[in-house]
Structures are given as structure tokens and as C-alpha cells.
Amino acid sequence: MRVPRQVLFIYNDPIAPEALLGETFTKLGFDVDTFEVVPAERASDPVLDVTFPDPTRYDVIVPLGSRWAVYDERLPWVAGEIDTVQRAVDAGVGVLGVCFGGQLVATALGGSVQRSTDPEVGWHQVRSTDPDLVPDDGPWFQWHFDRFTPPPGATLVAENDRAAQAFIHGRAMGLQFHPELDHKLLELWIDDDRTRSGGASDLAQLGLTADDLRAHTTTHVDDAARRLRLLVRGFLDKVAGA
């Protein structure tokens, strides 16, 4: 009897779970494990030391999104997670980084992360050089104010006029967009944006409304879930070899 493949989702923010990504990996026969970096009770004080799981116990690890920045030097756990990604890559473990996670993968492999001059929130089109890996026949959801520069030797797979959107490097892949988004996750982010203190909300800064995001998500989310299934299969077949 074949032992199920193992995937680890790394929660870098208590309101950034795996959502549709978890369903997709489960349907492809993976056993899902999760690891919480910043628990909900520490969201207002994310400066903490973290011991990460051994990535070599898994076939794939997936660092997920975060409200914080990869370059925030107050956060000691970022360096630990970068080391975890490097260990995974060195061991031949598949790595799929999402938004903050994609920026983290870029950094771990020698790329960089910068504050974006043109942030994206909402559904945005990307251009793909490999539509079997990153389908571009519909928009992907975005919520980011930072963006990555892919590492040396990486292949840029998708981009738009605002940011690099996907790259591959060995068995690692970094995404800038959020393919995991579903309605429940969107509501978590809208609620957090509405109640966030210390300045204007992201939506207010960009002149967007929660109702617009909800309406656009209703329009696009089902087809995005279809494209997500293609993306994960492409990642497993073409990148991770898992």
C-alpha cells in the first residue's frame, strides 16, 4: 500500500490559512499538516522565537501569506523560516510559496523583496509563459503592498505590469498572487482591514470597497479554483516532482 504524500502548510499569519490550497492537495491524495508561526493571541506582538518543523519530513512545504514584511528586521522567525526553506530546497523537497511565502522563497534563494510602487488588491490579470503551470485565462486574486525580484537563475513564469507574479527555481516556486482565496478567506481579510488600527485601511488607501471585492470574487472564484487545480498539478509534475 502506497504511503500518502505529505504537505506542510506554514501559517505566517493567523488569518492566512491554506483555504482552497488545502482542498486541492487533499483531493490529490496528500495528507495535510499545518504549522502556526504567529498564533492569534500574538498577532499584535509578532516578535517571537519559533522552532520550525523539519522540512525533510514532507514531500512539499507551502509557506503562506502574512500581513508582515519579509524585510521586517523585528521578526526573528523570518530568518528561521528562510533557513527552513533553504533546507527544504537543499533536500529536494518541493516548495510552493504564496505571496509573503513567495517573497520568502525568493529571499531564501538569493532574490529580494521591495515595497511596491503599485500595490495590488483584488482580481488582476497576469501574463504567463507556461499556461499549463500558471493559467492566465482568468484573473488571480491579489492583496500585496510588497513584491519580489526573482532570485538569480530563476525562470520567470508569470508577470503583469505591476509585479513579477510567479517564478520557478529548481523544485521551488514562488507566487505573488493568492490562488487559495475563497469567500471565507476574503471575509477574514476584509474584517481585519476594517478593524486594523494605526492608519487607513488597505482598501481605503486604494479607493476600493469591500462590496466590490465580494462581487468580483463571486464572479471569478469558481473559475479560479479550476485554475488552481491546474496550477497545483503543474507544480507537482513540472517543479516539485512529488
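Scroll up a little and you will see the structure.
Before going into details, it helps to say that this report is about the structure given with it.

Reading the values: the criteria
- Numbering of residues begins from 1 in every chain and follows the order in which that chain's sequence is written.
- Per-residue local features are limited, in this predicted model, to residues with pLDDT of at least 70; the limit for side-chain atom pairs, both in listing and counting, is 80 or more; totals at the level of whole chains, interfaces and linings are taken over all residues.
- Hydrogens and waters are ignored; side-chain quantities use all the structure's heavy atoms.
- Every helix listed is a DSSP run of H or I at least four residues long, and every strand listed is a run of E at least two residues long, numbered separately from the N terminus.
- Working rule for contacts: check all heavy atoms of both residues, and any pair within 4.5 Å makes them a contact.
- A pair of strands is considered paired only if DSSP assigns at least 2 bridges between the two.
- Place the viewer so that the strands point away; then a crossover is right-handed whenever the path from the first strand over the helix to the second strand goes clockwise.
- For the exposure calls, accessible area comes from a 1.4 Å probe over protein chains only, and a residue counts as buried if that area is under 20% of its type's maximum, exposed if over 50%, partly exposed in between.

This next bit is on the side chain of T84. When you line up the elements, T84 lands in helix α2 (residues 76-90). Apart from the residues within four sequence positions on either side, T84 is in contact with F52, P53, P55 and I61.

Here the focus is the sheet that holds strand β10 (residues 172-175). Pairing within the open sheet is mixed, and its 8 strands lie in the order β2-β1-β3-β4-β10-β9-β8-β6. The strands lining the two open edges of the sheet, one partner per strand, are β2 (30-36) and β6 (127-128). Pairing analysis gives 2 bridges linking β6 to strand β8 (residues 155-159), with the strands arranged antiparallel. Across the sheet, the residue bridging to S128 is A158, located in β8.

In this sheet, β2 lies alongside strand β1 (residues 5-11) in parallel orientation, the contact comprising 7 bridges. From the neighbouring strand, V7 faces β2, where its bridge partner is V32. Read as a crossover between parallel neighbours, the route from β1 over helix α1 (residues 20-27) to β2 is right-handed.

It is worth spelling out the pairing of strand β7 (residues 140-149) at this point. Extensive coverage of β7 is indicated by the burial of 8 of its 10 residues. Here strand β5 (residues 112-124) runs beside β7; their pairing, made up of 9 bridges, is antiparallel. Residue pairing for β7: V113 is matched across the bridge by F148.

In terms of burial, helix α3 (residues 100-108) is a largely internal element, 8 of the 9 residues being buried. Listed in full, the buried residues belonging to α3 are F100, G101, G102, Q103, L104, V105, A106 and A108.

What follows is about unusual backbone geometry. Even without glycine at this site, A19 takes up a positive phi of about 45°. Secondary-structure assignment places A19 in the loop between β1 and α1. Overall, the relative accessible area of 18% leaves A19 in the buried class. Its identity is not glycine, yet C99 carries a phi of approximately 55°, on the positive side. Looking at where C99 falls in the secondary structure, it is placed in the loop between β4 (94-98) and α3. By relative accessible area, C99 is classed as buried at 5%.

So yeah, pure geometry; function would need other evidence.
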